[in-house]
Amino acid sequence: MSHSLQKLHTFGFQASAAQVLHCKNNVELLQSLDKSTKSKQLILGGGSNIIFGGHADLTIIKNEIKDIQILDQDAHHIYIRVGAGVIWADVIQHALQHNYGGIENLTLIPGTMGAAPIQNIGAYGIELRDVFHSLAAVDRRTGVTKEFSKKECRFDYRESIFKQEAKNKYVITDVTLRLTKRDHQIKADYGAIKKTLEQNSITNPTIQDISNAVAQIRMSKLPDPSIIGNAGSFFKNPIISKNKYTALLEKYPNMPSYPISDSQVKVPAGWLIDQAGWKGKAIGGAAVHDKQALVLINKNNADISDLIQLYQSIQLDIQSRYDISLEREVTIYKNGVELIDD
Ligand code: EPU
């Protein structure tokens, strides 16, 4: 049996799997889980951070648990429990409609609620961990639900325990967010947001204004996955030592950086790739987006081999120019096997 995965991942490559199961609630999920240690199952959210190619001898479990409930509240905060299958855009919409603050800077990030904590999604000065309270996840071997606190999730920049030792061990079923009901902490200090608000003559922005500004910025440089296949930022922004950065500045005086600690800085991978001349370059049908060099796109009926060749050529080039290794942000499954870079 073969089920197409083309519409289940935003890169849109032709790909297939042995089976695709759609689970709409916890009961369906528990019934579908194969608890054996040799399980050939893969849990899928919105498919916006995973890329498939070839045929996977796997059962893809599409997590479609959709429900938003108020769990608790106090004078300032509301705790909402969101089903893992709720589309992130709908979480944003729900928050804006009810005037709940804290996630407006994460407007237009594709994907689902359940996938968001795995890589601690972030944009424009906010990360999911800033509003995260806890999550519930089913242990794939035992079927028992475990509640994870924020601390237990071990969030870091595009990282969590679910990409490390808990990888593939749990299915996230719902996530509790702690949002503000009033006195929202507006985060408008990110350069592009400031500029957009100024252009729109907004001096005292509401959460809706911030959401609108972020949408405007993202639409101006990030390709819409429903039109051009892509998975957002392809690489993480590398974190390097301050010493290395100081040495690089001699040769590249305009290299931007963001402080991380006393001894480390983060440099934008998009800048490195752009400066290396990759913007708009293509290998086969896969290309570097011409408005944001950190985004690789399915420009012209690419297949997964084009994309692999392209991203590995970029990694080699960045390594040789700046002595910096670029780590992928996206997960790639080729013929059902996860691709691991050296
Ligand atoms: N830059 C260039 N050329 C490019 C791209 C970027 O010179 O082609 C420079 C920009 O001028 C800027 C710097 O690089 O000085 C950073 O660029 P930008 O603000 O566009 O953000 P980014 O670091 O490329 C990160 C996230 C995005 C998030 C934005 C906004 C990562 C891997 N990516 O991108 O997240 O939307 O910041 O906060 O951290 C995603 O994870 O899929 C994603 C889109």
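All residue numbers refer to positions counted from 1 along the written sequence of the respective chain. In keeping with the model being predicted, local features are shown solely for residues with a pLDDT of at least 70 and side-chain atom pairs are shown and tallied solely at 80 or more, while totals for entire chains, interfaces and linings include all residues. Neither water nor hydrogens contribute to the side-chain values; these are computed over all heavy atoms in the structure.

### Some points on the pairing of strand β4 (residues 50–63)
Then, number 1: Most of β4 is tucked away, with 11 of its 14 residues classed as buried.
Then, number 2: A pair of strands is considered paired only if DSSP assigns at least 2 bridges between the two. Only DSSP runs of H or I with at least four residues qualify as helices, and only runs of E with at least two residues qualify as strands; both kinds are numbered from the N terminus onward. Note that strand β2 (residues 15–23) and β4 share 8 bridges and pair parallel. For V20, the partnering residue across the bridge sits in β4 and is I60.
Then, number 3: Bridge count between strand β3 (residues 41–44) and β4: 4 bridges; the pairing is parallel. Bridged to L42 within β4 is I60. Each residue is placed in one exposure class: buried if its accessible area under a 1.4 Å probe, protein chains only, is under 20% of its type's maximum, exposed if it is over 50%, and partly exposed if it falls in between.

### Comments concerning the site of the ligand
Then, number 1: Whether a residue is near a molecule or strand is decided by its heavy atoms; if any one of them lies within 4 Å of it, the residue is near. Near the ligand lie 23 residues; those nearest to it are Y124, Y157, D274, Q292 and A293.
Then, number 2: Polar contact is the term for a pair of N or O atoms within 3.5 Å; when the atoms are in protein, one must be able to donate a hydrogen and the other to accept it, and sequence-neighboring residues count only if both atoms are side-chain atoms. One of the backbone N or O atoms of Y124 is found 2.6 Å from an oxygen atom in the ligand.
Then, number 3: Between the ligand and the protein, one listed contact pairs an oxygen atom with a side-chain N or O atom of Q292 at 2.8 Å.
Then, number 4: Mapped onto the shell around the ligand, the elements with two or more residues apiece are β7 (122–123), α5 (207–221), β12 (229–233) and α7 (269–275).
Then, number 5: Sort the elements by how many residues they give to the shell around the ligand and α7 lands first, with 3 residues.
Then, number 6: Three classes are used: nonpolar for Ala, Val, Leu, Ile, Met, Phe, Trp, Tyr, Cys and Pro, charged for Asp, Glu, Lys and Arg, and polar for all others, with Gly counted as polar. Considering only residue class, the shell around the ligand consists of 10 nonpolar, 6 polar and 7 charged.

### Structural notes on the packing of aromatic side chains
Then, number 1: Working definition: rings of Phe, Tyr and Trp (its six-membered ring) pair if their centres are within 6.5 Å, and the pair is stacked with planes under 30 degrees apart, edge-to-face with planes over 60 apart, and tilted otherwise. As enumerated under the stated definition, the model contains 11 aromatic pairs in all.
Then, number 2: Residues F148 and F162 carry aromatic rings whose centres are separated by 5.0 Å and whose planes lie at 65 degrees to one another, so their mutual orientation is edge-to-face. Placement of the pair is F148 in strand β10 (residues 145–149) and F162 in the loop between α3 (150–153) and β11 (170–180), with a sequence separation of 14 residues. Exposure class is identical for F148 and F162. Each is buried.
Then, number 3: With 5.3 Å between their ring centres and 45 degrees between their planes, F234 and Y311 make a pair best called tilted. On the criterion of sequence distance, the pair formed by F234 in the loop between β12 and β13 (239–241) and Y311 in helix α8 (residues 304–322) is long-range, its members being 77 residues apart. Both residues of the pair, F234 and Y311, count as buried.
Then, number 4: Through successive ring pairs, a cluster of aromatic residues spans F148, F162 and Y170.
Then, number 5: When the ring centre of F148 is taken as reference, the NZ or CZ atom of K146 above it lies at 4.7 Å. Here, a charge over a ring is recorded when the distance from Lys NZ or Arg CZ to the ring centre is within 6 Å and its angle to the ring normal is within 35 degrees.

### Here we look at the layout of surface pockets
Then, number 1: Put simply, the second largest pocket is a space of about 370 Å³.
Then, number 2: If you list the elements that add at least two residues to the lining of the second largest pocket, you get α5 and β12.
Then, number 3: Top contributing element to the lining of the second largest pocket by residue count: β12, with 3 residues.
Then, number 4: Broken down by class, the residue content of the lining of the second largest pocket amounts to 8 nonpolar, 8 polar and 4 charged. Grid spacing is 1 Å over the protein atoms alone, the probe is 1.4 Å, and a cavity is where that probe fits but cannot get out, while a pocket is an open set with protein on both sides within 12 Å along at least five of seven lines and lining residues have an atom within 4 Å of a point. Grid points are joined across faces, edges and corners, and a volume is the space filled by probe spheres set on the points.

### Some words on the packing of helix α4 (residues 191–199) against α5
Then, number 1: Lines fitted to C-alpha atoms define the axes, with helix axes restricted to the stretch in contact, and inter-axis angles between N-to-C directions lie between 0 and 180 degrees. Direction vectors running N to C along α4 and α5 enclose 105 degrees, while the axes themselves pass 9 Å from each other. The angle between α4 and α5 places the two elements in the roughly perpendicular class. Here A192, I193, T196, L197 and Q199 of α4 lie close against α5, whose contacting residues are D209, I210, A213, V214, Q216 and I217. Each angle is binned into one of four classes, with values under 35 degrees roughly parallel, values over 145 roughly antiparallel, values of 65 to 115 roughly perpendicular, and all other values oblique. In what follows, residue pairs with any heavy atoms lying within 4.5 Å of each other are defined as contacts.

### Here's the deal with the environment of L8
Then, number 1: Along the chain, L8 falls in the loop between β1 (3–4) and β2.
Then, number 2: For L8, a relative accessible area of 16% translates into the label buried.
Then, number 3: In this structure the C-alpha to C-alpha distance between L8 and V20, which are 12 residues apart in sequence, comes to 9.9 Å.
Then, number 4: The residues touching L8, leaving out its near neighbours within four places in the chain, are V20, L44, G46, G47 and K62.

### What to know about the sheet that holds β12
Then, number 1: Strands sit in the order β12-β18-β17-β16 across an open sheet of 4 strands; the sheet is antiparallel. Of all strands in the sheet, those with a lone pairing partner are β12 and β16 (282–283), marking the two edges.
Then, number 2: Summarising the sheet, strand β17 (residues 286–288) and strand β18 (residues 295–298) pair through 3 bridges and their orientation is antiparallel. Counted as the bridge partner of V288 is L296 from β18.
Then, number 3: The sheet strands contacting α8 are β16, β17 and β18, and the helix crosses β17 at an angle near 30 degrees.

### Quick word on the nonpolar core
Then, number 1: The nonpolar core is taken to be a set of buried Ala, Val, Leu, Ile, Met, Phe, Trp, Tyr and Cys residues, with the residues joined through side-chain atoms within 4.5 Å. Formed by 43 residues in total, the largest nonpolar core has its most connected members in W88 and L177.
Then, number 2: Only β6 (77–83), α2 (88–97), β9 (132–139), β11, α4 and α5 provide two or more residues apiece to this core.
Then, number 3: Not counting the four nearest positions on each side in its chain, L177 is found in contact with I78, Y79, I80, V82, W88, V91, M113, L128, V131, F132 and H133.
Then, number 4: With 38 residues, the next largest nonpolar core counts I240, I283, A286 and I304 among its residues.

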